Amino acid sequence: MRDYIFAVWDEFVNFIGGRTGILHWVIFLLALMACMFIGRGMRRRLFWPSVLVLVFFFNPLFFGMVGTRFLSGVYWRLLWMLPVSFVIAYALTQLACRMKRGILRAVGIVLFCAGIAVTGKPVFSGETYREKENAYELPQAAIEISDVVMARLQDWKETIIVPHELICDIRQYSCSIGLLYGRNVGGFISDIEEDETRVYEEMGKERPDVALITDIAKARNCRYIVFNTSFHQIPEDLSEYGYERVAEAGESYVIYCKIPG
Amino acid sequence: MVYLVMLFVAVPMWTGVIWVKILKIKGIWDQILHAWVFGFVTILAVAQLILVPLVALKQTLTMALLLFQILLTVLASVSFVLVLCRRGGVEKRMRQRRKPEGDRRWTLVFGVLAGILIFIQAYIPARYEHSDDDDARFVAEEVSAVVHDTMYQDSPIGAEFLYWNTGEVRKDLTSPWAMYIAMSCRISGIPPAVLSHSYLPFFLILLCYAVYMLIGKCLFREDAEKTALFLIFLSVIHLWGYTSTHTLAAMLLLRIWQGKAVCAGFMLPVFFYVFYQVMKREYKAGFVIFLYVAAMASCLLSGIGIVTAPIILFLYGIVDYIYYRRWRKTLAVWMAALPCAVYLLYYLMG
């Protein structure tokens with residue numbers, strides 16, 4: 001039971017983002033208390049449902065029965081049922097509307113907004129958004145690599161190995177290209193096999209074991225390997241490993257193809 | 001763009017006319033908002049109804065699209081008939097108390113400010129690039145479906161034959177949001193990555209704010225000035241709500257094209273709104289009926305939709321019972337969780 005209590009608390013902290021999100025939650029709790037006293041209607045619509053959701057969420061028995069079985073790792077998503085932003089916005093609106101119309105109210109509204117902004121973190125920033133490289137909103141290199149491989153298709157699909165930063169992008173552009181490993185390296189979608197893990201680990205190194213990568217690639221019928229030359233330090237000529245350089249993509253990606261025969 | 005406006009605005013609105021008539025919604029703005037929101041939910045429910053059995057039967061995307069279009073045509077015809085059956089003469093309009101000139105000026109100022117903030121939130125995600133690793137599964141599934149004309153039959157990673165009951169993809173059988181997007185791609189002719197990243201955010205964020213506006217109108221009893229102010233505060237909370245990658249703000253403004261984000265940003269607020277309408281002494285029974293459709297639609301979006309919809313129905317049902325002691329109404333609300341229970345059981349037994 002104690003483990004469940006700590007696990008639920010961890011989920012909560014994970015959801016709010018630790019100290020970063022604590023002030024918004026303090027505002028939410030204050031707003032919720034205000035809803036309790038504003039009137040019967042708001043108690044019914046905002047206060048009690050929110051309290052019940054919190055009771056459900058923080059209930060270790062519910063976590064043990066439902067959370068660990070069906071919501072492993074995503075138990076925090078239950079907090080979406082809490083109308084956090086609606087409760088805060090409702091309380092602030094009521095507060096603002098109690099002020100006399102005119103400059104005082106305008107200043108009050110600006111101060112409330114500034115308060116929310118200062119205690120939170122902006123969604124739109126250089127950290128989250130950047131200028132798009134193409135209409136797909138995928139790295140241009142992923143599209144160029146895919147185009148090279150698709151132009152040289154020998155079967156209905158080709159299997160390729162790409163640097164870590166591109167494993168989530170290639171298949172969003174083309175389904176004619178299969179990856180030796182993809183997001184399964186992080187434990188998602190499907191299981192990863194041992195040889196795939198070995199290639200993944202090597203591709204994460206600045207000086208990868210090219211012999212190991214090419215041996216596994218050949219064994220798995222993987223005709224293309226892409227290296228990022230701004231990171232990987234590999235010999236330019238891989239013909240001794242059975243692969244030849246066929247194209248470049250982006251500023252630093254080099255595509256190698258298996259030499260026939 | 002015309003196709004997209006048809007797909008995400010015109011068709012949902014036309015479908016939603018059925019609900020506007022059933023619920024006898026008055027006032028042009030209320031009718032538009034209800035028609036759009038309720039129509040979109042109905043379309044999601046229809047997609048869920050046909051996609052799950054078709055995926056299980058290994059049918060093609062073309063087959064699913066054909067059935068989907070037939071059902072949408074039926075719904076559109078019903079709407080058409082309802083519009084034609086409208087009684088002649090001018091409908092009674094709700095007479096709103098006219099506010100003094102000074103008050104209306106503030107309403108206008110707040111309304112314009114709210115409109116600008118909402119437009120910024122819809123425009124930036126469509127204009128700029130944000131990458132999310134979960135797209136490696138969802139968008140990849142959509143690409144395979146559109147190109148191979150299959151549904152969940154190849155691995156989102158290796159492209160080899162997989163079928164839905166392997167790994168994480170198994171969850172998608174009961175929540176085939178990706179196939180709904182794939183159908184939209186087929187209709188519009190736009191590649192899945194382009195539709196998901198460049199166009200969907202614009203439409204879906206506006207749709208989410210349509211729900212929030214309905215919530216505001218309901219909480220403030222149709223007071224336009226307070227509703228506009230409510231939307232301003234809501235926008236500011238969302239714009240500065242990135243305290244973690246899990247918050248509603250992050251879901252709404254960073255990856256709204258994913259089913260789980262639509263569940264958090266759109267579907268659960270729809271439930272809130274419907275409950276605010278149902279939790280009254282005098283309520284329209286049509287809202288309770290709509291809960292069944294909403295529960296079905298939430299299953300399409302994500303596994304979390306299948307879990308949260310019954311919980312929220314249960315909790316609000318309890319609150320309603322405590323206040324009004326009408327066990328039949330509470331039972332009717334709880335019964336709306338049945339579609340979710342069926343899909344959950346199907347997932348667990350599959």
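Here the residue numbers are simple positions, counted from 1 along each chain's written sequence. Whichever chain is written first becomes A and whichever ligand is written first becomes 1, with later ones labelled in order. Note on the predicted model: pLDDT of at least 70 is required for a residue's local features to be given, and 80 or more for side-chain atom pairs to be given and counted; whole-chain, interface and lining totals, by contrast, use all residues.

## Notes on the overall build of chain B
Note the following rule: By the criteria applied, helices consist of DSSP H or I runs no shorter than four residues and strands consist of E runs no shorter than two, each listed in order from the N terminus. Both definitions apply: the radius of gyration is a C-alpha atom measure, and the globule rule equals 2.2 Å times residues to the power 0.38. Three exposure classes are used, all based on how many other C-beta atoms lie within 10 Å of a residue's own C-beta (placed from the backbone): buried at 20 or more, exposed at 12 or fewer, and partly exposed between those limits. Note on contacts: residues are paired as contacts if their backbone-placed C-beta atoms lie within 7 Å.
Across its full length, chain B carries 15 helices and zero strands. For chain B, whose C-alpha radius of gyration is 20 Å, the value lies close to the compact-globule estimate of 20 Å for 350 residues. Counting across all 350 residues of chain B, residues that qualify as buried make up 56%. Expressed as a percentage of contacts within chain B between residues at least 6 apart in sequence, the contacts between residues at least 24 apart total 69%.

## A few points about the overall build of chain A
Of the regular secondary structure elements, chain A holds ten helices and five strands. Here chain A has a C-alpha radius of gyration of 27 Å; the compact-globule value for 261 residues is 18 Å, and the former is much larger. In chain A, buried positions account for 42% of the 261 residues. Of all intrachain contacts in chain A linking residues separated by at least 6 positions in sequence, the fraction that spans at least 24 positions is 56%.

## Side note on the domain arrangement of chain A
We apply this condition: Domain borders in the structure are assigned automatically or taken from a domain database.
Here the domain parsing of chain A yields domain 1 (2-119) and domain 2 (140-258). Measuring from the centre of the C-alpha atoms in domain 1 of chain A to the corresponding centre in domain 2 of chain A gives 45 Å.

## A look at the interface of chain B and chain A
Just so we agree on the cut-off: Residues are grouped as follows: Ala, Val, Leu, Ile, Met, Phe, Trp, Tyr, Cys and Pro are nonpolar; Asp, Glu, Lys and Arg are charged; all remaining types, including Gly, are polar.
Taken residue by residue, the interface counts 67 residues in chain B and 68 residues in chain A. Taken together, the elements giving at least two residues each to the side of chain B that touches chain A come down to α4 (101-127), α5 (135-148), α8 (192-219), α9 (224-239), α10 (248-254), α11 (259-278) and α13 (303-324) of chain B. Broken down by element, the side of chain B that touches chain A gets its largest block of residues, ten residues, from α13(B). For the side of chain B that touches chain A, the residue count by class is 45 nonpolar, 15 polar and seven charged.

## Comments concerning the nonpolar core
Within soluble globular proteins, side chains that are nonpolar generally end up buried alongside one another. Where we set the bar: When buried Ala, Val, Leu, Ile, Met, Phe, Trp, Tyr and Cys residues are joined through C-beta atoms within 7 Å, the set is termed a nonpolar core.
One finds A:Val87, A:Ile161, B:Val37 and B:Met179 to be the most contacted residues of the largest nonpolar core, which totals 211 residues. The greatest single-element share of this core, amounting to 18 residues, is contributed by α8(B). Setting aside chain neighbours within four positions, we find B:Met179 in contact with B:Leu51, B:Val55, B:Leu61, B:Ala64, B:Ala145 and B:Met151.

## Observations concerning α8(B)
All names here are of chain B. Which entries qualify depends on this criterion: Helices are assigned an expected span. That span is 1.5 Å times one less than the residue count. For a residue, the bend is simply the angle between two axes, fitted respectively to the seven-residue segment ending there and the seven-residue segment starting there.
With 28 residues, α8 extends 38 Å from end C-alpha to end C-alpha; this agrees with the ideal 40 Å at 1.5 Å per step. The largest bend along α8 measures about 55° and falls at Leu-200, with the proline Pro-201 one to four residues further on. Counting buried positions over the 28 residues of α8 gives 25, a clear majority of the element. Backbone geometry just downstream of α8 places Arg-221 in the positive-phi region, at approximately 50°.

## Digging into the sheet that holds strand β1 (residues 158-161) of chain A
Residue and element names in this part refer to chain A. For clarity, the threshold we go by: Should DSSP find at least two bridges between two strands, the strands are taken to pair. For helices, the fitted line uses only the C-alpha atoms of the stretch in contact; every axis is such a line through C-alpha atoms, and the angle between N-to-C directions lies from 0 to 180 degrees.
With mixed pairing, the five strands of this open sheet are ordered in space as β2-β1-β3-β5-β4. At either margin of the open sheet sits one strand with a lone partner, and together these are β2 (177-179) and β4 (243-249). Direction aside, the axes of adjacent strands within the sheet are offset by 30° on average. Of the pairings in the sheet, the one linking β1 to strand β3 (residues 224-228) comprises two bridges and is parallel in character. Paired with Ile-160 across the bridge in β3 is Tyr-224. Each of β1, β2, β3, β4 and β5 (253-258) is contacted by helix α7 (residues 140-151), which is oriented at about 135° to β4, the strand it contacts most.

## Here we look at the pairing of β5(A)
All names here are of chain A. Sheet topology note: the β3/β5 ladder contains five bridges and is antiparallel. What sits directly across from Ile-225, in β5, is Tyr-256. Taken together, the six bridges between β4 and β5 define a ladder with antiparallel strand orientation. Bridging from a neighbouring strand, Glu-248 pairs with Val-254 of β5. Connecting β4 to the next strand, β5, in antiparallel fashion are three residues, including Gly-250 with a positive phi near 60°.

## Overview of the environment of B:Leu300
Residues and elements named next belong to chain B. Relative to the elements of secondary structure, Leu-300 occurs in helix α12 (residues 285-301). Between the C-alpha atom of Leu-300 and that of Cys-263, which follows or precedes it by 37 residues, the distance is 9.3 Å. With residues up to four places along the chain from it excluded, the contact list for Leu-300 reads Leu-44, Ala-47, Gln-48, Ser-175, Pro-176, Trp-177 and Tyr-180.

## Notes on α5(B)
If you check α5(B), its first and last C-alpha atoms are 19 Å apart, about what 14 residues at 1.5 Å a residue would give, namely 20 Å. The element α5(B) is largely enclosed, with a buried count of twelve among its 14 residues. Every buried residue of α5(B) is accounted for by B:Asp135, B:Ala136, B:Arg137, B:Phe138, B:Val139, B:Ala140, B:Glu141, B:Glu142, B:Val143, B:Ser144, B:Ala145 and B:Val146. Check the buried side of α5(B) and you find it contacts α8 (170-173) of chain A together with α3 (61-84), α6 (171-174), α7 (177-188) and α8 of chain B. Among the residues trailing α5(B), B:Asp149 stands out with phi positive, at a value near 55°.

## Considerations on the packing of helix α2 (residues 28-56) of chain B against α8(B)
All names here are of chain B. The condition that has to hold: If an angle is under 35 degrees, it is roughly parallel; if it is over 145, roughly antiparallel; if it lies from 65 to 115, roughly perpendicular; otherwise it is oblique. For any helix crossing, the convention is left-handed if the near helix is rotated counterclockwise from the far helix by under a right angle, and right-handed if that rotation is clockwise.
Interaxial distance between α2 and α8 falls to 10 Å at its minimum, and their mutual angle equals 120°. With respect to α8, the axis of α2 lies oblique. Where α2 crosses over α8, the two elements pack in a sense that is left-handed. Contacts between α2 and α8 pair Leu-33, Trp-36, Val-37 and Phe-40 from the former with Leu-207, Ala-210, Val-211, Met-213 and Leu-214 from the latter. By residue class, the composition of the contact of α2 with α8 is nine nonpolar, no polar and no charged.

## A look at the environment of A:Trp9
All names here are of chain A. Here Trp-9 shows up in helix α1 (residues 2-16). Since 12 C-beta atoms lie within 10 Å of it, Trp-9 is described here as exposed. As a C-alpha pair, Trp-9 and Ala-217 span 208 residues in sequence and 44 Å in three-dimensional space.

## Focus: the packing of α11(B) against α13(B)
Residue and element names in this part refer to chain B. In the contact formed by α11 and α13, the axes pass within 11 Å of each other and the chain directions differ by 20°. Taken together, α11 and α13 sit at an angle that is classed as roughly parallel. In this structure, the crossing between α11 and α13 has a hand that is right-handed. Of the residues in α13, those touching α11 at Lys-260, Cys-263, Met-267, Leu-268, Phe-271, Phe-275 and Val-278 are Ile-304, Gly-305, Thr-308, Ile-312, Tyr-316 and Asp-320.

## A closer look at the confidence of the model for chain B
The line we're drawing: What pLDDT reports is the predictor's confidence in each residue, on a scale of 0 through 100.
Residues of chain B with pLDDT of at least 70 account for 93%, and the chain-wide mean is 92. With pTM at 0.94, the complex prediction returns an ipTM value of 0.93.

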